[in-house]
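# Residue-level structure breakdown
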Amino acid sequence: MTRKLRVGVVGAGIAQRHLVGYKWNESLYEVPVLCSLDEDRGQALVAEYGIAEYTQDVETLFARDDLDIIDISTPPHSHFDLSRRAIESGKHVTCEKPLFGSIAEVDEMARIVAGTDRKFMPIFQYRYGTGLQKLKMLIELGLTGRPFLTTIETHWWRGPAYYEVPWRGKWATELGGGLLGHAIHAHDMLNYVHGACAEVFAYGETLVNKIEVEDTMALAVKMQNGSLASLSMTLGSRKEISRLRFCFADMVAESILEPYTMGRDPWVFTAGEPEHQARIDAALANYVVKEDGYTRQFELFHQAIVEGGEPPVTLQDARNSLELVTAAYHSQRTGQPTPLPITADHPLYRSWLP
Ligand SMILES: NC(=O)c1ccc[n+]([C@@H]2O[C@H](COP(=O)([O-])OP(=O)(O)OC[C@H]3O[C@@H](n4cnc5c(N)ncnc54)[C@H](O)[C@@H]3O)[C@@H](O)[C@H]2O)c1
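No experiment lies behind these values; they were computed from the predicted model shown. (Residues numbered from 1 in each chain as written. Predicted model: local features only at pLDDT ≥ 70, side-chain atom pairs only at ≥ 80, totals over all residues. Heavy atoms only, no water.)

## Things to note about empty space enclosed by the protein
- Under the criterion given, the structure shown has 1 cavity of 30 Å³ or more.
- In this structure, the largest cavity encloses a volume near 40 Å³.
- Considering the residues around the largest cavity, the lining is formed by C95, E96, K97, P98, L99, P122, I123, F124, I184, A318, S321 and L322.
- The greatest single-element share of the lining of the largest cavity, amounting to 3 residues, is contributed by helix α12 (residues 315–334).
- The residue inventory of the lining of the largest cavity, partitioned by class, reads 9 nonpolar, 1 polar and 2 charged. (1 Å grid on protein atoms, 1.4 Å probe; cavity = no way out; pocket = protein on both sides within 12 Å on 5 of 7 lines; lining within 4 Å. Points joined across faces, edges and corners; volume = space filled by probe spheres on them. Helix = DSSP H or I, 4+ residues; strand = E, 2+ residues; numbered from the N terminus. Nonpolar A, V, L, I, M, F, W, Y, C, P; charged D, E, K, R; others polar.)

## Describing the sheet that holds strand β11 (residues 236–248)
- Spatially, 8 strands are ordered β13-β12-β11-β7-β10-β9-β8-β14 in an open sheet, and the strand pairing comes out mixed. Edge positions in the sheet fall to β13 (268–271) and β14 (338–339), since each of these pairs with one other strand and no more.
- Both strand β7 (residues 147–157) and β11 contribute to a ladder of 9 bridges, which runs antiparallel. Paired with I152 across the two strands is L244, which belongs to β11.
- The strands touched by helix α6 (residues 130–140) are β11, β12 (251–254) and β13; relative to β13, the strand with the most contacts, the crossing angle is about 30 degrees.
- Sitting on the sheet, helix α10 (residues 274–285) is in contact with β12 and β13, with an inclination near 150 degrees to β13. (Pairing = 2+ DSSP bridges. Contact = heavy atoms within 4.5 Å. Axes fitted to C-alpha atoms, helices over the stretch in contact; angles between N-to-C directions.)

## Quick word on the site of the ligand
- Taken together, 24 residues are adjacent to the ligand, and I14, L37, D38, K97 and W167 come closest.
- Separating an oxygen atom of the ligand from a backbone N or O atom of I14 is a distance of 2.7 Å.
- Against a free-state accessible area of 850 Å², the protein chains account for coverage of 84% of the ligand.
- At a threshold of 2 Å from the grid points, most atoms of the ligand map onto the largest pocket.
- Among the residues making up the shell around the ligand, the classes are represented as 11 nonpolar, 8 polar and 5 charged. (Near = heavy atom within 4 Å. Polar contact = N/O pair within 3.5 Å; in protein donor to acceptor, adjacent residues only side chain to side chain. Areas by Shrake-Rupley, 256 points an atom, 1.4 Å probe, with all protein chains shown as cover. Sits in = over half its atoms within 2 Å of the grid points.)

## Comments concerning the pairing of strand β10 (residues 228–234)
- Pairing between β7 and β10: 7 bridges, direction parallel. Across the sheet, E153 pairs through a bridge with S232, a residue of β10.
- With 7 bridges connecting them, strand β9 (residues 216–223) and β10 associate as antiparallel partners. Residue pairing for β10: A220 is matched across the bridge by S230.
- Following β9, the chain reverses through 4 residues before pairing antiparallel with β10; G226 in that reversal takes a positive phi of roughly 95 degrees.

## What to know about the layout of surface pockets
- If you add up the space inside the largest pocket, you get close to 1000 Å³.
- I14, S73, T74, W167 and R168 are, among the 41 residues lining the largest pocket, the residues nearest its centre.
- Of all the secondary-structure elements, those providing two or more residues to the lining of the largest pocket are α4 (79–88) and α8 (178–181).
- As a volume, the second largest pocket reaches approximately 300 Å³.
- R17, R264, D292, G293 and Y294 are the residues nearest the centre of the second largest pocket, which is lined by 19 residues in total.
- Among the elements of the structure, α1 (15–24) and α11 (293–307) are those that each provide at least two residues to the lining of the second largest pocket.

Here you go:
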């Protein structure tokens, strides 16, 4: 029989979607306790998802020896400390994006985790959309040819009401703006498909809301694999879209425009010649559809814990995403192109906060 892993969930906002993901994997997971500071939202989730216990004291989760995993779905500024305490208490950890507030913290966590037999999985659930997974398959099958150019648009809308939540819009608690908090999913897809970035040039502004952090950015990127990317992000788009286009020598992959489910089908894959289109179509016809989003990421996390191996999203993946952010902030502030990787001698290694 499959071993059910027991999860203590921290948070009662996006954590609701995590609970749906665990429920869809109910042969793999159970959630015996939920912890949040806001009792009304926490108690509502406990009632809705049949969770045995509610607490406001995260220490009680660290102290328990009947939990396998602590799931951290709290605001960004609390992620590192809670993650460290959770790993040190002997649990596996999964933690929401944006993972931490600096590359130094990612490296520190890698050191801490390396000294244990625990697994650490950052969240990037958008990766598991069927359209994006089909592109990954076509790359693995060698059907795309060399990569040339990727364009990614994250054009969303956030009005003043969104920033009434006290931790949002401020460097100290949100740690960044739309580049860090919103476009990070689509930009993770860039790294997921093409690997790490090599150099970034960025312009960034706060144009839409009266907040401290950026809400509009334009980035030009060189990838380590030699291809180029153009990334744009605004939280001032009255029509919300996300759009990804990957141009390769032998085909183009185009996402749907749904802002929050852009990884999902139906993506369009267009080849240069009819014979190659036939090969691509034949490969796509054999694709076996799986669950997506949190459900799939949690299913793969269970597999990594029970069978061994890397979690589906690694600390290095989170590092890639935060390196892009760090380099973009550095470029924006200096007016210079910024090379990657971001190493310990970089001026923003310990913090990108202004
Ligand atoms: N992956 C995604 O698609 C996605 C979507 C939305 C938010 N997020 C991320 O999830 C995180 C949480 O965002 P949110 O929108 O749920 O925020 P939120 O403010 O709605 O909820 C945060 C929750 O954390 C709880 N909390 C905070 N500190 C705590 C502590 N020390 N102990 C116990 N509980 C604590 C609060 O009580 C609250 O229930 C953020 O990092 C955000 O960027 C990810």
